[in-house]
Number of protein chains: 2
Amino acid sequence: MATYIAPLRDMAFVIHELLRAPERLRQMPAFAEIDADLLDSAIAGAARFAEGVIAPLNAIGDEMGCRVDAGKVTTPTGFAAAYRQYIDGGWPTLSCATAHGGLGLPALAHTAIVELLCGANQSWTMTPILSHGIYKIVSQHASPALQQAWLPAIVDGSVTTTMLLTEAHCGSDLGLLRSTAVAAPEHDLPESPAYRLSGSKIFISGADHEWTDNIVHMVLARLPDAPPGVRGISLFLVPKRLGDGALNALTVTHVEHKMGLRGSPTCAVSLEGALGWLVGKPHQGLAAMFILMNEARLNTGVQAYSVAQGAYDAALAYARERLQMRVSSGARRPDLPADPIIHHPDVRRMLLTQKARIEGGRMLGYWLALCSDIETHHPDAAERADAADLLALLTPVAKAFLSSNAFDDANLALQVLGGHGYLRDHGIEQRVRDVRVAQIYEGTNGVQARDLVSRKILGDGGVKLDKLLTRIRHFLATQAKTPAMTALVGPIGRLADAFEAQAHRLADVQKTDRDAPDAAAHDMLQALGHLCFGYLFARAAAISLPHADDADHFHAAKLATAQFYVCQLMPQAFAHLEAARASAQGNELGGVKLDEARLFGAG
Amino acid sequence: MATYIAPLRDMAFVIHELLRAPERLRQMPAFAEIDADLLDSAIAGAARFAEGVIAPLNAIGDEMGCRVDAGKVTTPTGFAAAYRQYIDGGWPTLSCATAHGGLGLPALAHTAIVELLCGANQSWTMTPILSHGIYKIVSQHASPALQQAWLPAIVDGSVTTTMLLTEAHCGSDLGLLRSTAVAAPEHDLPESPAYRLSGSKIFISGADHEWTDNIVHMVLARLPDAPPGVRGISLFLVPKRLGDGALNALTVTHVEHKMGLRGSPTCAVSLEGALGWLVGKPHQGLAAMFILMNEARLNTGVQAYSVAQGAYDAALAYARERLQMRVSSGARRPDLPADPIIHHPDVRRMLLTQKARIEGGRMLGYWLALCSDIETHHPDAAERADAADLLALLTPVAKAFLSSNAFDDANLALQVLGGHGYLRDHGIEQRVRDVRVAQIYEGTNGVQARDLVSRKILGDGGVKLDKLLTRIRHFLATQAKTPAMTALVGPIGRLADAFEAQAHRLADVQKTDRDAPDAAAHDMLQALGHLCFGYLFARAAAISLPHADDADHFHAAKLATAQFYVCQLMPQAFAHLEAARASAQGNELGGVKLDEARLFGAG
């Protein structure tokens, strides 16, 4: 049975060596008191909780799933008690502002803790992970009366939170949303008009459970005078229980049967005149929700590689033990009946692929989390703007590139175990099923790609992309004279040039074919993900070179991983750019251009 | 709920237009009577069985799974009755020789029927699909006495069959096999020495069930005087029930809990002095087993794309109905509140990717099945030899490339449905879980890659590869003057050259680094898969060009699919060749070369 081992050394490498995070955080007044010890001890504590409390519940959560009886949901054995330990340990407060009773740790710490919790037990973490984003929405958009009523409980974790966005007929396109809100002025609070909400919502994580007495639901619905589309959606705070303890008119209709994440209570919910209070301005609910969404997208990427990490660890342990066949160049362990499969080049390739992409994911995820801290807290406006631009540009990349990598990586881990990986016993197939959803929720990876290309790259004429490319080229220039870096600098530089050229080409083609950016979006996102990983691996390599001969081989392994990534995985980026180029030309072989009905048959 | 629709038009395109199979089969005396109508009616009949009888059992099979009580396995409701219909319909006899009471249809027909059955219900098909390979082993290697005893029941399906190969400690490396056989001369049959077998086997498909009264197990075990390794493995026929109807000493210890294929009774089995008879020569069991294995590998590739086809069909139907957002260039269906997502370029990309790879899989699978018929039955020795070489070279490609594509395609189908795809309701997530195993069984895809590069390409100094490349280049030369084909001919020719160059490079590097072929094997296999698909799509396009304006757009869609594949997916092959090139250089950035223990940490 798989256990989870927090990758503390690798996390520290990114936080301290790659990002020099403590010293950069201390440039910001909000984090003037943050030192390396404080960060490390928060992370070490979360690691103990992840390893000791929730990791042991991961398999049983999948086995038992959740059930609903008469509208009350029961989660797997041990989940509720673990949540009790979580709030007793003060974990929900960690990244909330000190003004709200939190510890005021940076987003970077929050992201590292998300990694640890999700790596140990993604299903359990689904419910608590949401509260930080909801905290931000409520603290930034809710009225003082609502904040007074709910913020302390959100911060200390004595309530959990949900988002009620999706309806059966609308997911990516919230403009089609039908749930309604009608005024209930008899329940108005100061600056907080009350409404009765009606509608049906699906895919609600943590919609109900036995962990806490109350739950705060954030609900998107339309006011009676709402314009159609996304400009007519408002946000409401709808508690499970009202002030008098009575249940609100919100019912779990069923627990959804999912491929994975079976320990997480994902439910369909019916609102039947449930009482709620407007948060933020009428018709501007989506903007408020996007505070949460951007953080959730970044953290979905982090979550994804962390789930893959657990699969990788199990595969690595198996590959060291499992004996099959001899290495072609001669027995590595003549004392054993066969060689441990870790010595077989193809198994080494599978393990290195996982290792490289997980480490790349961590570098990108933490870098962007630090950008988020800089965007919010840095005293220098130019620094804030640059960080905001990088974060905006690369959030869709982190969400989609990391989640698609993670699924492939968990599958590679399964493959290392062969038939044994296909059995439930090793816990890897669960991780494959669990992590699959990361490509879907918080905006499908297709939505991310469209966001990246249309809004983030073409939308500002390439300003944000220029900032990234300038940063990458500047770094490569500093390494150009280091012979050991040549193998990395050349291909990364060529990829940066090729990506830029294709972005310019798309901007041109778009003038005559407005669908071209959407057709190329997936491949552009993949290519940019590779470029970011190449850049980050090159930085990691430059840091590691002076330590290449250290006795523990830690930095030597970073160098080898960087080379593997850049020379064996990154070439895929050029294939994606070729596909992006071709996609903009449409399908016209033989002079025939087909619409979808003809291309796919009559249907 | 998903239903299965047999892709008869696409199958006919490959059989009749691409391969001109009936006329080529009629060149062989064994198939002199085969005409198009006979082939088509067999396929149409199998399609009705697949659609009407076993497809409706696919979801319930996953839901119910199999259970074992006191060593007796029960399969999901309806499975046994469906098998009764299968044998009543005469399906098991179809591809068996007329001399054995079969209908004598070609391997091509068998492969097409495998596609239909697996596409409808992979779990159900797991058990009957094995019997054709076992039929071949028994009819070619068993003594007349054993043939007389068992062949009629195998041919008519009144017994099912299994293979007992894998043991807990050995899968890819059967040389480590421990099961033993000791002589039991009192049970000898003419030319068929009897043995008592002992050992533990795992991953046994169809090990027990309530479908038939008896089951024929083919078991690998060691004779007392066996040399170690793969040259000391013998093959035995071990019936579930002996001549007097008494149960043999073979017990199902448990049903294995798998990620998917839950309707298939995959079991761990214990042999406790079970009575069996030697098949073939002592110590030469693996060679006999490989008769089955090569057929099983090809059919695993076919099975895989057929499971993906079911997912694709569900995704396509969903994409036509689901309304979300407007296409960037303007509403396609202004009469509806949003556009059907099939019109969104990224959804179109996902669907076309699936369509192209499924169609490519069918072209490769049927082509190789026809090669198998030619290898066995063609009157011309040179034709037989060429077909045998192509089949040997490309069987590992068909197994691995098609199974990895199929998993990705089923996942793309799931992605088209977004969160709805992650629910069990649409049946796609089951297909993802089911088809995952195709990358593992019948030799993992890593084993296939090693077989391709070391044995099939480098092992004969490139003779088989030359035959393939010559065929491809010859075809491309015939198309060079057709303007509409230029977009295909150029890239495919460049890929053929690049692949050949990398194969030559590997042959050189191997002289100093004997592990280099294994390190490059995965990427070489992927690149060769792309080259084969490119070639087959170009052939399909050349056939389709004259029909580009046909009213039903069938051939125009083939042209568009070919262009999509060659221009948007095939470029990945060049990235794989680049990775293959780099892999042969090892990881030496900073002058450090790390062994596995250092590369992956101390462990």
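Just so it is clear, the model here is predicted, and its values are computed rather than measured.

(A) Up close: the packing of helix H18 (residues 516–544) of chain A against helix H19 (residues 554–569) of chain A. All names here are of chain A. At a closest axis distance of 9 Å, the pairing of H18 and H19 adopts a crossing angle of 150°. Considering the angle they form, H18 stands roughly antiparallel to H19. At the point where H18 passes H19, the crossing takes the left-handed sense. Within the contact between the two elements, H18 uses His530, Phe533, Gly534, Phe537, Ala541 and Ser544 and H19 uses His555, Lys558, Leu559, Thr561, Ala562, Tyr565, Val566 and Leu569. Here the residues of the contact of H18 with H19 are counted per class, giving eight nonpolar, five polar and one charged.

(B) Structural detail: the domain arrangement of chain A. All names here are of chain A. Considered domain by domain, chain A is made up of domain 1 (8–134), domain 2 (159–290) and domain 3 (291–583). For domain 1 and domain 2, the distance between their C-alpha centroids amounts to 25 Å. Contacts between the two partners involve 26 residues from domain 1, matched on the other side by 22 residues from domain 2. Both sides together, the interface formed by domain 1 and domain 2 hides about 2100 Å², and carbon and sulfur atoms give 64% of it. In terms of surface lost to domain 2, no three residues of domain 1 exceed Val73, Thr127 and Ile134, which account for 27% of the buried area on that side. At the boundary of domain 1 and domain 2, one finds one salt bridge. Note that Arg262 is salt-bridged to Asp62, the shortest N-O span being 4.0 Å. Summed over the shared surface of domain 1 and domain 2, the number is six residue pairs in polar contact (both at pLDDT 80 or more). Elements represented by at least two residues in the side of domain 1 that touches domain 2 include exactly helix H4 (58–64), strand E1 (67–69), strand E2 (72–74), helix H5 (79–88), helix H7 (122–129) and helix H8 (131–141). No other element matches H7, which puts six residues into the side of domain 1 that touches domain 2. A class-by-class count of the residues in the side of domain 1 that touches domain 2 yields 13 nonpolar, nine polar and four charged.

(C) Here's a closer look at the pairing of strand E6 (residues 214–221) of chain A. With eight of eight residues buried, E6 of chain A is to be regarded as a mostly interior element. Because side chains alternate across E6 of chain A, one face comprises the buried residues Asn214, Val216, Met218 and Leu220 of chain A, and the other comprises Ile215, His217, Val219 and Ala221 of chain A, equally buried.

(D) Representation of the relation of the copies chain B and chain A within the structure. If you rotate chain B by 180° and push it 0.0 Å along the axis, it lands on chain A with an RMSD of 0.0 Å. Interpreted geometrically, this transformation is the action of a two-fold axis. Interface overlap between copies: 100% of the residues of chain B at the interface are likewise at the interface in chain A, consistent with a symmetric, same-surface contact.

(E) Up close: the side chain of Ser404 of chain B. All names here are of chain B. Following the sequence through the fold, Ser404 ends up in helix H12 (residues 381–416). Given a relative accessible area of 13%, Ser404 falls into the buried group. Here Ser404 is in contact with Gln439, Asn445 and Gln526, once residues within four sequence places are set aside.

(F) Examining the interface of chain B and chain A more closely. Between chain B and chain A, the contact holds 109 residues from the first and 109 residues from the second. At the boundary of chain B with chain A, total buried surface from both sides reaches about 9200 Å², with 58% on carbon and sulfur atoms. Between the two partners, chain B and chain A, sit four salt bridges. Between the two partners, chain B and chain A, sit 60 residue pairs in polar contact (both at pLDDT 80 or more). For the side of chain B that touches chain A, the element with the most residues is helix H19 (residues 554–569) of chain B, which contributes eight residues. Its residues placed into classes, the side of chain B that touches chain A shows 49 nonpolar, 31 polar and 29 charged.

(G) Geometry of the packing of helix H1 (residues 8–18) of chain B against H19 of chain B. Residue and element names in this part refer to chain B. In contact at an axis separation of 12 Å, H1 and H19 are set at 80° when each is read in the N-to-C sense. Here H1 lies roughly perpendicular to H19, going by the angle between them. Packed against H1, whose contacting residues are Arg9, Asp10, Phe13 and Glu17, the element H19 presents Phe554, His555 and Lys558 at the interface. The residue makeup of the contact of H1 with H19, split by class, is two nonpolar, one polar and four charged.

(H) Examining the packing of aromatic side chains more closely. All told, the structure shown has 29 aromatic pairs over all chains when counted by the stated rule. Between Phe401 of chain B and Phe533 of chain B the ring centres are 4.9 Å apart and the planes differ by 80°, which places this aromatic pair in the edge-to-face class. Placement of the pair is Phe401 of chain B in helix H12 and Phe533 of chain B in helix H18 (residues 516–544), with a sequence separation of 132 residues. A network of ring pairs unites the aromatic residues Phe49, Tyr83, Tyr86, Trp124 and Trp211 of chain A as a single cluster. For Lys558 of chain A, the ring lying beneath its charged end belongs to Phe13 of chain A, and the centroid distance is 5.2 Å. Taking the ring centre of Phe554 of chain B as reference, the NZ or CZ of Arg9 of chain B above it sits at 3.8 Å.

(I) Quick look at the pattern of salt bridges. Scanning the model with the defined rule gives 64 salt bridges over all chains in all. In this structure, Lys558 of chain A engages Glu359 of chain A in a salt bridge whose closest nitrogen and oxygen atoms are separated by 3.2 Å. A residue pair is termed long-range when its members are at least 10 positions apart, and Lys558 of chain A in helix H19 and Glu359 of chain A in helix H11 (residues 345–377) qualify at 199 residues. The burial state of Lys558 of chain A is the same as that of Glu359 of chain A; both residues are buried. Lys558 of chain B is the salt-bridge partner of Asp10 of chain B, the closest N and O atoms lying 2.6 Å from each other. Of this pair, Asp10 of chain B sits in helix H1 while Lys558 of chain B is found in helix H19, placing the two residues 548 residues apart along the sequence. Comparing Asp10 of chain B with Lys558 of chain B shows no difference in burial state: the two are buried. Residues joined by salt bridges that share partners form a network here, namely Asp62, Arg262, Arg424, Glu429 and Arg433 of chain A.

About the thresholds
- Residues numbered from 1 in each chain as written.
- Chains lettered and ligands numbered in written order.
- Predicted model: local features only at pLDDT ≥ 70, side-chain atom pairs only at ≥ 80, totals over all residues.
- Heavy atoms only, no water.
- Axes fitted to C-alpha atoms, helices over the stretch in contact; angles between N-to-C directions.
- Helix = DSSP H or I, 4+ residues; strand = E, 2+ residues; numbered from the N terminus.
- Parallel < 35°, antiparallel > 145°, perpendicular 65-115°, else oblique.
- Left-handed = near helix turned anticlockwise from the far one by under 90°.
- Contact = heavy atoms within 4.5 Å.
- Nonpolar A, V, L, I, M, F, W, Y, C, P; charged D, E, K, R; others polar.
- Domains from an automatic or database assignment.
- Buried area = accessible area lost by both parts, 1.4 Å probe.
- Salt bridge = Lys/Arg side-chain N within 4 Å of Asp/Glu carboxyl O.
- Polar contact = N/O pair within 3.5 Å; in protein donor to acceptor, adjacent residues only side chain to side chain.
- Buried < 20%, exposed > 50% of the residue type's maximum accessible area, 1.4 Å probe, protein only.
- Least-squares fit on C-alpha atoms with pLDDT ≥ 70 in both.
- Phe/Tyr/Trp six-rings, centres within 6.5 Å; stacked < 30°, edge-to-face > 60°.
- Lys NZ or Arg CZ within 6 Å of the ring centre and 35° of its normal.

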